[in-house]
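# Topology and contacts: notes
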Amino acid sequence: GESVGLHLPTLSVQEGDNSIINCAYSNSASDYFIWYKQESGKGPQFIIDIRSNMDKRQGQRVTVLLNKTVKHLSLQIAATQPGDSAVYFCAENDGSDTGTASKLTFGTGTRLQVTL
Amino acid sequence: SAVISQKPSRDICQRGTSLTIQCQVDSQVTMMFWYRQQPGQSLTLIATANQGSEATYESGFVIDKFPISRPNLTFSTLTVSNMSPEDSSIYLCSVTIGREQFFGPGTRLTVL
């Protein structure tokens, strides 16, 4: 089927290496950030989130880093696997509903390609 | 978590016609959202649908073009009216549970 992310920036990573996907946001009032993974033909799936009072949060094989000074968010995937191939979006809460997941603003997305 | 289904999963429509997309959730939720994802692009929020009140539309989206129904806490519909090829997109519904937002699989619409 048609793939999302046909015109999105692409990151190619060899299987087993670590991946770093970056995202810049513009709203300094945003206080809640989420990373989503979207595989072809599917809706976005929640990966990990972080509140603005934190700089780092770790999950299983994933770490999110938040730098509020430069309004930058990154997703690190350890030991990247073929199943990690997808489009990754960052999303931010616009601050009007503090601490909730409503009214998300999505970044442009990055396509991760895992090579064998 | 939430299990969200959408109907149809895809459709090909003629310009000038309308299509209604259904979204069903397996639990009662207060807030439901409709997003559009144009080819190769990110997600854009169309509107927020709360049960018992009018939907709230984001800038650039109007009720006449995208009427929304929310008859109960588990169901919503989005209609894409008087379609043109520019409406070709994936339309996704989503719900908030706790602080997480879950998405349906999307409806892939192609307008000829």
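Keep in mind it's a predicted model, so treat the numbers as computed, not measured.

Procedures and definitions
- Residues numbered from 1 in each chain as written.
- Chains lettered and ligands numbered in written order.
- Predicted model: local features only at pLDDT ≥ 70, side-chain atom pairs only at ≥ 80, totals over all residues.
- Heavy atoms only, no water.
- Salt bridge = Lys/Arg side-chain N within 4 Å of Asp/Glu carboxyl O.
- Buried < 20%, exposed > 50% of the residue type's maximum accessible area, 1.4 Å probe, protein only.
- Helix = DSSP H or I, 4+ residues; strand = E, 2+ residues; numbered from the N terminus.
- pLDDT = per-residue confidence, 0-100.
- Pairing = 2+ DSSP bridges.
- Axes fitted to C-alpha atoms, helices over the stretch in contact; angles between N-to-C directions.
- Phe/Tyr/Trp six-rings, centres within 6.5 Å; stacked < 30°, edge-to-face > 60°.
- Contact = heavy atoms within 4.5 Å.
- Buried area = accessible area lost by both parts, 1.4 Å probe.
- Polar contact = N/O pair within 3.5 Å; in protein donor to acceptor, adjacent residues only side chain to side chain.
- Nonpolar A, V, L, I, M, F, W, Y, C, P; charged D, E, K, R; others polar.

## A closer look at the pattern of salt bridges
All names here are of chain A.
- Tallied over the full model, the rule gives 5 salt bridges over all chains.
- Between Glu39 and Lys42 there is a salt bridge, with the nearest N and O atoms lying 3.7 Å from each other.
- Overall, the relative accessible area of 22% leaves Glu39 in the partly exposed class.
- Arg61 is the salt-bridge partner of Asp84, the closest N and O atoms lying 2.9 Å from each other. Of the two residues, Asp84 is situated in the loop between strand E7 (72–77) and strand E8 (86–93) and Arg61 in the loop between strand E5 (56–58) and strand E6 (62–67); the sequence distance between them amounts to 23 residues.
- By relative accessible area, which is 7% here, Asp84 ends up buried.

## Quick word on the confidence of the model for chain B
- When the pLDDT values of chain B are averaged, the result is 94; 100% of them are 70 or greater.
- Mean pLDDT across the elements of chain B bottoms out in strand E10 (residues 100–103) of chain B (88) and peaks in strand E3 (residues 19–25) of chain B (98).

## A word on the sheet that holds strand E2 (residues 19–24) of chain A
Residue and element names in this part refer to chain A.
- Ordered by their spatial adjacency, 4 strands build an open sheet running E2-E7-E6-E5, and the pairing between neighbours is antiparallel. Each edge of the sheet is formed by a strand with only one pairing partner; in this case those strands are E2 and E5. Each neighbouring strand pair of the sheet contributes to a mean axis angle of 15 degrees, computed without reference to strand direction.

## Comments concerning the packing of aromatic side chains
- Under the definition given, this model contains 9 aromatic pairs over all chains.
- Plain terms: the ring middles of A:Tyr36 and B:Phe103 are 5.3 Å apart, the flat faces sit at 90 degrees to each other, and that makes the pair edge-to-face. Of this pair, A:Tyr36 sits in strand E3 (residues 32–38) while B:Phe103 is found in strand E10, placing the two residues in two different chains. Across this residue pair, the class does not change: A:Tyr36 and B:Phe103 are buried.

## Things to note about the interface of chain B and chain A
- Each partner contributes residues to the interface: chain B has 22 residues there, and chain A has 26 residues.
- With both chains or domains summed, chain B and chain A bury close to 1900 Å², and 51% of this area falls on carbon and sulfur atoms.
- The largest contributions to the chain B side of the interface with chain A come from B:Gly40, B:Arg99 and B:Arg108, which together make up 33% of the buried area.
- In this assembly, chain B and chain A are joined by 0 salt bridges.
- At the junction of chain B and chain A, the tally comes to 3 residue pairs in polar contact (both at pLDDT 80 or more).
- At the level of secondary structure, the elements contributing two or more residues to the side of chain B that touches chain A comprise strand E4 (31–37), strand E5 (43–50), strand E9 (89–97) and E10 of chain B.
- No other element matches E4(B), which puts 4 residues into the side of chain B that touches chain A.
- The residue makeup of the side of chain B that touches chain A, split by class, is 10 nonpolar, 8 polar and 4 charged.

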